[in-house]
Amino acid sequence: MAAMTLVEDICPVPDIRRTDMDAAVESARAAVGLPVGARIVAAMSGGVDSTVVAALLHKAGYDVVGVTLQLYDHGAALKKKGACCAGQDIHDARLAAEMIGIPHYVLDYESRFKDAVIDQFADSYLKGQTPVPCIRCNQTVKFRDLLDVARDLGAEAMATGHYVRRAAVGNRSQMRKAIDHSRDQSYFLFATTQDQLDYLRFPLADLEKPQVRGVAAELGLKIAAKPDSQDICFVPSGDYRTLIDRLRPQGREAGEIVHMDGRVLGSHAGITDYTIGQRRGLNVAVGEPLFVVKLEPETRRVIVGPREALLTASLTLEETNWLGDEATVVEAAASGLPVLARVRSTRQPSPARLALIDGDVRIVFDQGEEGVAPGQACALYDPADPDRVLGGGFIRDTTAVAV
């Protein structure tokens, strides 16, 4: 086969760091922890991270099978202006698998993805929530359905390109942050169950992104300089409101914009245009900066107030997942376990404690946390060992700090 070029001319060249290939292979082998020759399914998205995982595991002597999921209409992504390599993910994964020398399968999961992720995304906005579709995708399609496929293929483990660490401690597995904290994806994987974690492997845990690109470049892989995806994958235009309007037109019902003191300040064209913490686009002028502090889908009211009204004293978790030492999250909450709570992927975890109030698992912050919205995820970490993930849940409701 002819040598493959490293990068298409239209893509900017990111930071690519020369990497010790032998050390990278040994790191991957250590992350897998299985005898050489064991079958491993590599989830290949078409990006550089998952491609390097497949290549490293093959080079380490494992029986690697590549699997790519078709989740949405890739034709739409091709039309996105200004995008690098958009719409090429499946093609890139197939080409990479051929070059690496491993079998590769593409599974059509569009219907499952729509039901589990896209519809849930649209419904969340109708409820006045702020969803995190990447977590839903990992929780359902990737780490539930795809793991079943891997087992059906006779694999002893499934490997992904996520930047997170799996550590075997006794007879259980812990989830921990990756060595590259700027790339750490543990927030998006808090819903990974203990059974799933025992089966999963994350060979990039000890590598930084420029090193991963260096591995790809040394192997001659075309995707070495492929840009990282930025947008929600099923909204190639970046305009998620247009998608919601198409799927849930009832969200386009007018309502009032009301100050938290009761004053009606104006009107809006649809509650799905707003999220908690939003300042721009309110189209009301009262001489002071105002933010969306609450959404009331039943009355179609958008409640606004000063920035300090965004401070959250506590929140209620639902759909919880627990990876801590206690038997259940309810047991941990009943004991008032101290935790570090992370409510957004771009924000540092904040000191808090678990509490069990009227049967609900709640997070009580040591100090007010700003901009917490129902529908978001809250990942929990161990204050005594901040790299360790304890689990988390989705935010059902919040209680504000008294203003």
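The structure presented is a predicted model; accordingly, all values stated were derived computationally and were not measured.

A. View of helix 5 (residues 110-126). For helix 5, with 17 residues, the first-to-last C-alpha span of 22 Å sits near the 24 Å given by 1.5 Å per residue. The largest bend in helix 5 amounts to roughly 30° and is located at Gln-120. Its buried side turned inward, helix 5 meets helix 6 (133-152) and helix 9 (240-247).

B. Expanded view of the sheet that holds strand 10 (residues 291-296). Read across the sheet, four strands follow the order 9-8-11-10 without closing on themselves; strand pairing throughout is mixed. Lying at the two open borders of the sheet, with one neighbouring strand each, are strand 9 (264-268) and strand 10. Shown here is a sheet whose adjacent strand axes are inclined to one another by a mean of 30°, direction ignored. Here five bridges tie strand 10 to strand 11 (residues 301-305), and the two strands are oriented antiparallel to one another. Across the sheet, the residue bridging to Glu-296 is Arg-301, located in strand 11.

C. A look at the layout of surface pockets. By volume, the second largest pocket amounts to about 430 Å³. Around the second largest pocket sit 22 residues that line it, and Ile-276, Val-293, Lys-294, Pro-374 and Thr-398 are the ones nearest its centre. Elements with a minimum of two residues in the lining of the second largest pocket: strand 10, strand 12 (311-322) and strand 17 (385-400). Here the element with the most residues in the lining of the second largest pocket is strand 17; it accounts for five residues.

D. Just the pattern of salt bridges, in detail. For the structure on display, the rule yields 31 salt bridges. Arg-136 is paired through a salt bridge with Glu-319; the nearest N and O atoms lie 2.8 Å apart. Remark: Glu-319 occurs in strand 12 and Arg-136 occurs in helix 6; sequence separation between them is 183 residues. Under the relative-accessibility criterion, Arg-136 is labelled buried at 10%. Its relative accessible area of 41% is what places Glu-319 among the partly exposed residues. For Arg-176, the salt bridge goes to Asp-385, with nearest N and O atoms at 2.8 Å. Of this pair, Arg-176 sits in strand 6 (residues 172-177) while Asp-385 sits in strand 17; the two residues are 209 residues apart in sequence, bridging distant segments of the chain. Residue Asp-385 is classed as partly exposed on the basis of its relative accessible area of 25%. One salt-bridge network, in which partners are shared between bridges, spans Asp-49, Arg-183, Lys-209, Arg-213 and Asp-228.

Definitions and cut-offs
- Residues numbered from 1 in each chain as written.
- Predicted model: local features only at pLDDT ≥ 70, side-chain atom pairs only at ≥ 80, totals over all residues.
- Heavy atoms only, no water.
- Helix = DSSP H or I, 4+ residues; strand = E, 2+ residues; numbered from the N terminus.
- Expected span 1.5 Å × (residues − 1).
- Bend = angle between axes of the 7 residues up to and from the residue.
- Contact = heavy atoms within 4.5 Å.
- Pairing = 2+ DSSP bridges.
- Axes fitted to C-alpha atoms, helices over the stretch in contact; angles between N-to-C directions.
- 1 Å grid on protein atoms, 1.4 Å probe; cavity = no way out; pocket = protein on both sides within 12 Å on 5 of 7 lines; lining within 4 Å.
- Points joined across faces, edges and corners; volume = space filled by probe spheres on them.
- Salt bridge = Lys/Arg side-chain N within 4 Å of Asp/Glu carboxyl O.
- Buried < 20%, exposed > 50% of the residue type's maximum accessible area, 1.4 Å probe, protein only.

These values are about where atoms sit, not about what they do.
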